[in-house]
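A closer look at the structure
Below, each chain spelled out in residue letters.
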Amino acid sequence: MHKTDDATGLASIIFYLETHDDFIVSYENLFEFNEEKPLCIFLSRRQLLQSALKYGTHVIGLDATFNVTYYRNVSLFAIMARSDGGALPLGYFVATAKNEVAVTVGLQLFLKVTNVELRDNHSLSDEESYHPAAICTDKDEVEYAAIQAIFPQSLVILCHYHFMT
C-alpha cells in the first residue's frame, strides 16, 4: 500500500462506516503496520453478527480469497455461517499479510465484536463467549493455527472439496 494517500482514504472510509449504526468496523495497526504487526480490518453488519447464535453455533467457514484485492499483499477473508438460504456472511476481514499473526488478529477482532453484539443483544451473558462447535477451512496451516489459538474449543474440519481433492 502507498502508506500516505491510501491510508488517508482508508481512514475516511472507516470513519464513514463507523458513523452508520448498522455497520461494525474494528481494526488494528491502521497507520503503522508491517509483517509482524499487519494492518487488519474487520467489517460486518450488526444484524448479521446478532444472528451468529442462530446460524453460526454449529459450523462456520473461514476462507481466504485469492487475487481479489488491488494490492497483492492484501488478503480478504470471509467468515460464513450456514442459513436456510445458503451461506450467510458473518463478516469479512482484510489484512496486509496472510500469516498466522494476521489471521489471528482478524479472528480476534471477529470474536471481540461478536461477543459485544451478542451481549448487547442479551443473547450471551457477560461470562459467556461465542464459539462455534466447528470451523470449516481448507488445508491452510496458517488458518488452522489461528483458529486453534482463538477458538480452542472448536473442532477444525476440512471442507468437502479440499477433502475430495
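Thresholds, definitions, all that
Residues numbered from 1 in each chain as written. Predicted model: local features only at pLDDT ≥ 70, side-chain atom pairs only at ≥ 80, totals over all residues. Heavy atoms only, no water. Helix = DSSP H or I, 4+ residues; strand = E, 2+ residues; numbered from the N terminus. Rg over C-alpha atoms; globule rule 2.2 N^0.38 Å. Buried < 20%, exposed > 50% of the residue type's maximum accessible area, 1.4 Å probe, protein only. Contact = heavy atoms within 4.5 Å. Lys, Arg positive; Asp, Glu negative; His and termini not counted. Charge placed at Lys NZ, Arg CZ, Asp CG, Glu CD. Core = buried A, V, L, I, M, F, W, Y, C linked by side-chain atoms within 4.5 Å. pLDDT = per-residue confidence, 0-100. Phe/Tyr/Trp six-rings, centres within 6.5 Å; stacked < 30°, edge-to-face > 60°. Lys NZ or Arg CZ within 6 Å of the ring centre and 35° of its normal. 1 Å grid on protein atoms, 1.4 Å probe; cavity = no way out; pocket = protein on both sides within 12 Å on 5 of 7 lines; lining within 4 Å. Points joined across faces, edges and corners; volume = space filled by probe spheres on them. Pairing = 2+ DSSP bridges. Axes fitted to C-alpha atoms, helices over the stretch in contact; angles between N-to-C directions. Parallel < 35°, antiparallel > 145°, perpendicular 65-115°, else oblique. Left-handed = near helix turned anticlockwise from the far one by under 90°. Nonpolar A, V, L, I, M, F, W, Y, C, P; charged D, E, K, R; others polar.

**Concerning the overall build of the protein chain**
Along the protein chain, the regular secondary structure elements total six helices and seven strands. Starting at the N terminus and ending at the C terminus, the protein chain contains elements arranged as α-β-β-α-α-β-β-β-α-β-α-β-α. Against the compact-globule benchmark of 15 Å for 165 residues, the protein chain has a radius of gyration of 16 Å, which places it among compact chains. Taken along the three principal axes of its C-alpha coordinates, the protein chain extends 40 × 40 × 30 Å. By residue count, 41% of the 165 residues in the protein chain fall in the buried class. Taking the intrachain contacts of the protein chain between residues at least 6 apart in sequence as the baseline, contacts between residues at least 24 apart amount to 50%. Here the protein chain contributes 11 positive and 21 negative side-chain charges, whose respective centroids are spaced 4 Å apart.

**What to know about the nonpolar core**
Core analysis: the largest hydrophobic core is formed by 32 residues, its most contacted members being L62, I79, F93, L107, F110, Y130 and F151. Going through the elements one at a time, strand 2 (40–45), strand 3 (59–64), strand 4 (75–83), strand 5 (86–95), helix 4 (100–120) and helix 5 (141–150) are the ones with two or more residues in this core. When residues of this core are assigned to their parent elements, the largest contribution, nine residues, is made by helix 4. Discounting residues that sit within four places of it in the chain, L62 has contacts with F77, A78, I79, F93, V103, L107, I135, C136, T137, E143 and I147. Core analysis: the second largest hydrophobic core is formed by eight residues, I14, L17, L30 and F33 among them.

**Observations regarding the confidence of the model for the protein chain**
On average, residues of the protein chain score 87 in pLDDT, and 90% of them are at 70 or above. Put simply, helix 6 (residues 160–164) is where the protein chain has its lowest mean pLDDT, 52, and helix 4 is where it has its highest, 96.

**Notes on the packing of aromatic side chains**
As enumerated under the stated definition, the model contains five aromatic pairs in all. Ring centres of F42 and F110 lie 5.8 Å apart, and the angle between their planes is 50°; on these two criteria the pair is classed as tilted. Here F110 lies in helix 4 and F42 lies in strand 2, a separation of 68 residues in the sequence. With respect to class, F42 is no different from F110; both count as buried. Taken together, the ring pairs in this structure connect F42, F110, Y130 and F151 into an aromatic cluster. The ring centre of F23 lies 5.7 Å from the NZ or CZ of R45, which sits over that ring.

**Quick look at empty space enclosed by the protein**
Within this structure, the stated rule accounts for one cavity of 30 Å³ or more. Empty space within the largest cavity amounts to approximately 30 Å³. Around the largest cavity, the lining residues are I60, G61, L62, I79, L107, F110, I135 and F151. Every element with two or more residues in the lining of the largest cavity is listed here: strand 3 and helix 4. A per-element tally of the lining of the largest cavity places strand 3 first, with three residues.

**Digging into the sheet that holds strand 5**
The seven strands are arranged 1-2-5-4-3-6-7 in an open sheet whose pairing can be described as mixed. The two strands at the open ends of the sheet, each matched to only one other strand, are strand 1 (23–28) and strand 7 (155–158). This sheet shows a mean twist of 25° between the axes of neighbouring strands, independent of strand direction. Pairing geometry for strand 6 (residues 134–137) and strand 7, over four bridges, is parallel.

**Some details on the packing of helix 4 against helix 5**
Between two packed helices, the angle of one axis relative to the other and the distance separating the axes together describe the packing. At a minimum axis distance of 8 Å, the contact between helix 4 and helix 5 shows a crossing angle of 40°. In terms of orientation, helix 4 lies oblique with respect to helix 5. Handedness of the helix 4/helix 5 crossing: right-handed. Residues E100, V103, T104, L107, Q108 and L111 of helix 4 lie in contact with helix 5, whose contacting residues are V142, E143, A145, A146, I147 and I150. Here the residues of the contact of helix 4 with helix 5 are counted per class, giving eight nonpolar, two polar and two charged.

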